[in-house]
Each structure stands twice: as structure tokens, then as C-alpha cells.
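Structural overview
What follows is the residue order along each chain.
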Amino acid sequence: MAKIVGVVTTSHVPAIGGAIHKGIQHEPYWKPFFDGFPKIREWLAKVKPDVAIVVNNDHGLNFFLDKMPTFAIGAAPEYKNADEGWGIPVLPPFKGNEDLSWHLAESLIGDEFDMVTCQEMVVDHAFTLPIALLYPDMKWPISVVPINVNTVLFPTPSAKRCYALGQAIGRAVEAFPQDLKVVVIGTGGLSHQLEGERAGFINKEFDIRFMDSLTGDPTWATQYTDRELVKHTGTQGIELLNWLTARATMSGKVTELHRNYHIPISNTAAATMLLEHAA
Ligand code: DHB
Ligand code: FE
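For clarity, every value in this text was computed on a predicted model and none was experimentally measured.

**Focus on the packing of helix 7 (residues 204-216) against helix 9 (residues 240-248)**
Axes are the key here: two packed helices are described by the angle between their axes and the distance separating the axes. Relative to each other, helix 7 and helix 9 sit at 10°, their axes nearing to 10 Å. Regarding the angle of helix 7 to helix 9, the classification is roughly parallel. Note on packing geometry: the crossing formed by helix 7 with helix 9 is right-handed. Side by side, helix 7 and helix 9 meet where Phe206, Phe210, Met211, Leu214 and Thr215 of the first sit next to Leu240, Trp243, Leu244 and Arg247 of the second. Residue classes in the contact of helix 7 with helix 9 are distributed as 7 nonpolar, 1 polar and 1 charged.

**Looking at the sheet that holds strand 4 (residues 78-81)**
As summarised here, the arrangement of the 3 strands in space is 5-4-7, forming an open sheet in which the pairing is mixed. Edge positions in the sheet fall to strand 5 (94-95) and strand 7 (122-123), since each of these pairs with one other strand and no more. Sheet topology places strand 4 next to strand 5; 2 bridges connect them, and they run antiparallel. Paired with Tyr79 across the two strands is Phe94, which belongs to strand 5.

**Observations regarding the sheet that holds strand 1 (residues 3-10)**
Taking strand neighbours across the sheet as the criterion, the 8 strands line up as 6-3-8-2-9-1-11-10 in an open arrangement whose pairing is mixed. Unpaired on one side and paired on the other, strand 6 (116-118) and strand 10 (254-265) mark the two borders of the sheet. Strand after strand, the sheet turns through a mean of 15° between neighbouring axes, direction not considered. As paired strands, strand 3 (residues 71-74) and strand 8 (residues 143-149) are joined by 3 bridges and run antiparallel to one another. Across the sheet, the residue bridging to Ala72 is Asn148, located in strand 8. Lying over the sheet, helix 5 (residues 125-134) contacts strand 1, strand 2 (51-56), strand 8 and strand 9 (181-187), oriented at roughly 120° with respect to strand 9. Across the sheet, helix 6 (residues 159-174) touches strand 1, strand 2, strand 3, strand 8 and strand 9, and the angle it forms with strand 1 is around 145°.

**Regarding the environment of Val54**
Its location among the elements puts Val54 in strand 2. C-alpha of Val54 to C-alpha of Asn148: the two residues are 94 residues apart in sequence and 8.2 Å apart in space. With near-sequence residues (within four places) excluded, Val54 lies in contact with Phe127, Ile131, Val145, Pro146, Ile147, Ile185 and Thr187.

**Side note on the site of ligand 1**
With respect to spatial proximity, the complete set of residues near ligand 1 consists of His12, Val13, Pro14, His59, Trp86, His125, His192, Leu194, Glu239, Ser266 and Thr268. Between His192 and ligand 1, the recorded distance is 2.9 Å, taken from a side-chain N or O atom to an oxygen atom. At 2.5 Å from an oxygen atom of ligand 1 is found a side-chain nitrogen or oxygen belonging to Ser266. In the complex, 91% of the free accessible area of ligand 1, which totals 290 Å², lies under the protein chains. Classifying every residue of the shell around ligand 1 by side-chain character gives 4 nonpolar, 6 polar and 1 charged.

**Details of the nonpolar core**
Grouped together as the largest cluster of nonpolar side chains are 53 residues, with contacts concentrated most on Ile53, Leu104, Val182 and Phe210. The greatest single-element share of this core, amounting to 8 residues, is contributed by helix 6. Phe37, Leu44, Ile131 and Leu133 belong to the second-largest nonpolar core, a separate cluster that totals 41 residues.

**Focus: the pairing of strand 11 (residues 268-277)**
Counted residue by residue, strand 11 has 8 buried out of 10 residues, so it is predominantly covered. Where strand 1 lies against strand 11, 4 bridges are found, and the strand directions are antiparallel. Bridging across to strand 11, Val7 finds its partner in Leu275. In the sheet, strand 10 pairs with strand 11 via 9 bridges, with the strands oriented antiparallel.

**Details of the side chain of Ser101**
In this fold, Ser101 is placed in helix 4 (residues 98-110). Overall, the relative accessible area of 1% leaves Ser101 in the buried class. Within the local environment of Ser101, its side chain forms a polar contact with the backbone oxygen of Gly74, the two atoms lying 2.6 Å apart. Non-local contacts of Ser101, meaning those with residues more than four positions away in its chain, are made with Ile73, Gly74, Ala75, Tyr79 and Val145.

Thresholds applied
- Residues numbered from 1 in each chain as written.
- Chains lettered and ligands numbered in written order.
- Predicted model: local features only at pLDDT ≥ 70, side-chain atom pairs only at ≥ 80, totals over all residues.
- Heavy atoms only, no water.
- Axes fitted to C-alpha atoms, helices over the stretch in contact; angles between N-to-C directions.
- Helix = DSSP H or I, 4+ residues; strand = E, 2+ residues; numbered from the N terminus.
- Parallel < 35°, antiparallel > 145°, perpendicular 65-115°, else oblique.
- Left-handed = near helix turned anticlockwise from the far one by under 90°.
- Contact = heavy atoms within 4.5 Å.
- Nonpolar A, V, L, I, M, F, W, Y, C, P; charged D, E, K, R; others polar.
- Pairing = 2+ DSSP bridges.
- Near = heavy atom within 4 Å.
- Polar contact = N/O pair within 3.5 Å; in protein donor to acceptor, adjacent residues only side chain to side chain.
- Areas by Shrake-Rupley, 256 points an atom, 1.4 Å probe, with all protein chains shown as cover.
- Core = buried A, V, L, I, M, F, W, Y, C linked by side-chain atoms within 4.5 Å.
- Buried < 20%, exposed > 50% of the residue type's maximum accessible area, 1.4 Å probe, protein only.

Here you go:
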């Protein structure tokens with residue numbers, strides 16, 4: 001049977017791709033952020049996941065503002081990185097895991113989550129950069145299943161609904177008959193607002209409380225409406241829904257193996273966590 005071996009969460013600011021490309025990870029601006037990853041890479045080298053389910057938000061490549069699925073799942077043999085116009089080099093394609101995708105789609109829709117299934121899907125920085133950070137040699141030893149949560153256009157799904165989706169993903173993985181080690185990656189956040197009067201808004205206190213909650217009190221964020229989450233974390237801070245969905249895939253007690261939190265990368269509080277089932 002498949003099992004979830006852990007959850008990794010990380011920011012996905014496009015400039016990270018530029019820093020990787022230029023090889024400036026050790027410069028003072030970037031070092032505190034990139035220092036968050038060696039521990040996670042060591043863990044990946046030890047645990048050797050076979051598949052990554054990547055909970056992220058599409059930023060306009062597949063779904064523009066005219067058509068916005070609340071939840072979508074990739075079911076493609078391959079996911080190409082499309083040029084987003086940020087000047088970041090396009091990364092090699094990612095191998096899909098169609099069996100797991102269709103199993104998840106069937107199970108989630110059976111559980112009354114009305115997923116949009118996508119047999120073609122391109123991936124943007126929210127998907128590519130977390131994987132590039134985890135596997136810096138750019139050779140991906142995993143197959144992937146992208147799951148998109150709409151954190152871009154109101155109405156967005158509630159934190160409570162995202163939590164329930166994560167739980168349903170977790171149940172579906174555990175029921176998948178192939179022996180696969182699955183890592184779930186949640187991308188984006190933490191607090192940031194890129195536009196308007198509050199551009200540059202950061203709420204460290206809320207971010208830390210949220211990160212603390214993911215270990216022992218994971219439903220904490222579900223007390224908030226989406227508008228409250230935007231108020232507390234910024235218009236793009238609501239990407240924390242991807243983190244919450246990813247976290248909710250793990251049932252039972254969870255141990256925090258690692259975290260990193262750094263302000264600022266771009267206009268964001270850039271953060272990373274690694275969670276594992278408690279022994
Ligand atoms: C930035 C952050 C994001 O989450 C994103 O999707 C795009 C840009 C930024 O800080 O530049
Ligand atoms: Fe984003």
C-alpha cells in the first residue's frame with residue numbers, strides 16, 4: 001500500500017528561480033532562505049520518496065481569471081514548465097504518475113470533492129521551484145501529481161474545506177494498492193501582499209502561530225474565513241491554504257523535523273517546514 005512519508009512546505013517566490021539560475025544562493029540576501037533546505041534534502045536522501053503530490057496554486061498558466069476551478073488535479077503523463085515571463089529558465093519536464101492521479105481523482109470525487117481533472121497541465125513557479133529547491137541537481141527522482149487550490153480569485157475555498165480535502169487526499173493515498181512512498185509538498189506563502197495600499201504587508205506573529213499549529217493543533221487555521229486570512233496574512237498570504245491542505249493529508253501525531261522562517265524574500269515572509277509522522 002502507498003504511504004505518506006512526510007510533508008514539506010515552502011515558499012515559491014519566482015525570484016528564487018533567478019537566484020538558482022545565477023548561482024547566488026550564498027549571497028547575504030539569499031543565504032538565510034536557502035539555508036532552510038539542506039536538512040530537508042538529507043531527509044529526502046534518507047527516506048527516498050517515490051512520488052510527490054504537490055499542492056499549489058496556478059498563477060494564470062492553465063486557469064486565467066475567466067475560468068477558475070476551486071480544486072483541480074493533474075492526470076497527465078508529463079508536466080511541462082511553461083515560460084512565465086519572469087526571466088527564469090524553463091526547467092525540464094516532470095514525470096506524472098497517472099495511476100495515482102486517477103486513483104486520487106476517483107477517490108476525491110467519490111468523497112464529494114468536485115475536482116477538475118486535467119490530462120494536460122503546465123506547471124509554474126509554484127510547482128517547479130519547490131521541487132528545484134528539494135532536488136537541486138535538477139534530476140527529479142520522483143513522479144508527481146499536481147493538485148491546484150484556487151488561492152487567486154475570490155471566491156476561494158475555505159480553510160475548513162481545504163483541510164477536509166487534505167484529509168481526503170490522505171485517505172486516498174493510504175488506500176492506493178501500489179507500494180509507494182509519497183511526500184506531500186505544500187507551496188506558497190507565508191504572509192505577503194504584492195499589490196495595493198498594503199503591498200509589503202507581513203504578519204510574523206500570525207505566520208509563527210500558523211507554523212506552530214501545523215504540528216499539534218492543525219485545524220487552528222480553519223477558524224478563519226478567507227477574508228480574515230487575507231486580513232491577517234495579505235492577499236497572497238492566503239497561499240497558506242496549500243500548506244494547510246498538505247498538512248491535513250497526515251493523520252495521527254506529527255513531529256516537526258525542521259523549519260526555517262526569513263523576512264524578506266521579495267515582499268514575502270519566506271518559510272519552509274518538514275513534518276513527519278511521530279514515532
Ligand atoms: C511573488 C510571490 C508569489 O507567491 C508569487 O506567486 C509571485 C510573485 C513575489 O514575491 O514576487
Ligand atoms: Fe504565489
